[in-house]
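Examining the three-dimensional arrangement
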Amino acid sequence: MKKNLLTMDILLSKEIKCMIQEQRFQPGDKLPSERQLAERFGVQRLTIRSALNLLLQDQTIVAKPRSGYYVAPGRILQSSRDFSMNYCSPKTGEPLECRLLAFRKLKADLALSGKMLLPEDTVIYKISRLYCDEETPICINHSYLPEYVYPGLTRTVAFSASPADLAASQSPITKVNQKITLIYANEEESQLLSLAPGSPLMKHKGLMYDSTGQLAVFFESFMLLDHFAFIREALL
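This is a predicted model, so every value here is computed, not measured.

1. Comments concerning the layout of surface pockets
- The space that makes up the largest pocket amounts to roughly 200 Å³.
- Around the largest pocket, the lining residues are Met85, Asn86, Tyr87, Pro95, Leu96, Cys98, Arg129, Tyr131, Phe159, Ser160, Ala161 and Ser162.

2. Digging into the sheet that holds strand β6 (residues 136–146)
- Taking strand neighbours across the sheet as the criterion, the six strands line up as β4-β5-β6-β9-β8-β7 in an open arrangement whose pairing is antiparallel. Looking at the sheet topology across the chains shown, the edges are occupied by β4 (97–107) and β7 (173–184). For this sheet the average axis-to-axis angle between neighbouring strands, irrespective of direction, equals 15 degrees.
- Relative to strand β9 (residues 215–223), β6 runs antiparallel, the two being bridged by six bridges.

3. Brief notes about the pairing of strand β8 (residues 200–210)
- Of all the 11 residues making up β8, nine are buried; the element is thus mostly covered by neighbouring parts of the structure.
- Looking at chain direction, β7 and β8 are connected through 11 bridges and run antiparallel. Across the sheet, residue isoleucine 183 finds its bridge partner in β8, namely leucine 201.
- Pairing analysis gives eight bridges linking β8 to β9, with the strands arranged antiparallel. Across the sheet, methionine 202 pairs through a bridge with methionine 223, a residue of β9.
- Counted between consecutive antiparallel strands, the loop separating β8 from β9 contains four residues, among which glycine 213 sits at a positive phi close to 85 degrees.

Conventions and cut-offs
Residues numbered from 1 in each chain as written. Predicted model: local features only at pLDDT ≥ 70, side-chain atom pairs only at ≥ 80, totals over all residues. Heavy atoms only, no water. 1 Å grid on protein atoms, 1.4 Å probe; cavity = no way out; pocket = protein on both sides within 12 Å on 5 of 7 lines; lining within 4 Å. Points joined across faces, edges and corners; volume = space filled by probe spheres on them. Pairing = 2+ DSSP bridges. Helix = DSSP H or I, 4+ residues; strand = E, 2+ residues; numbered from the N terminus. Axes fitted to C-alpha atoms, helices over the stretch in contact; angles between N-to-C directions. Buried < 20%, exposed > 50% of the residue type's maximum accessible area, 1.4 Å probe, protein only.

Structure representation (structure tokens):
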């Protein structure tokens with residue numbers, strides 16, 4: 001059986017992680033320089049640089065050109081069993097600022113009807129939101145709600161709660177089919193999230209069904225990779 005070798009750079013990356021925890025570095029705090037870390041651990045700067053590269057890869061830290069290394073910002077943890085979509089800031093624990101981008105009624109075209117598994121021309125409400133963390137846009141959400149499930153839905157009501165909460169107000173959500181993929185930002189997504197076109201994004205999409213098996217919501221969310229993380233178990 002092949003054994004995993006603990007090379008010096010791997011050992012140093014673990015030591016730097018321990019240093020971050022023991023000295024209670026906070027997200028956004030600057031780490032000591034490569035020279036200072038080399039002196040602290042008694043190794044060459046090239047070895048320290050290799051260890052830091054490992055921490056960059058697992059996103060423990062981030063690098064800022066001509067500035068140094070910083071503890072990576074905290075991520076918004078989403079449970080694969082929690083469908084509330086009530087995003088909270090990892091820094092403050094408060095709900096993210098939410099801006100309503102659009103609210104309109106439309107008829108499902110061939111592409112949308114295929115995604116929602118509904119007949120073409122079904123009347124749908126489309127609600128688009130932009131979530132921001134301290135003024136930084138980090139997530140775009142498009143939610144599609146069948147009109148026959150939400151007759152008379154207004155802009156005010158649509159914006160008063162998350163798509164999952166709106167659905168739950170009609171009937172409990174008992175099933176969700178969801179998928180998480182890596183995509184690349186188009187022009188609209190790039191503008192809304194202040195990114196260069198083609199930047200990688202995490203796409204989270206899903207279909208929510210109520211207790212009767214009726215489709216309540218179809219959603220697509222486009223998230224910054226370094227602000228969100230999904231975990232398998234529900235948060236306690």
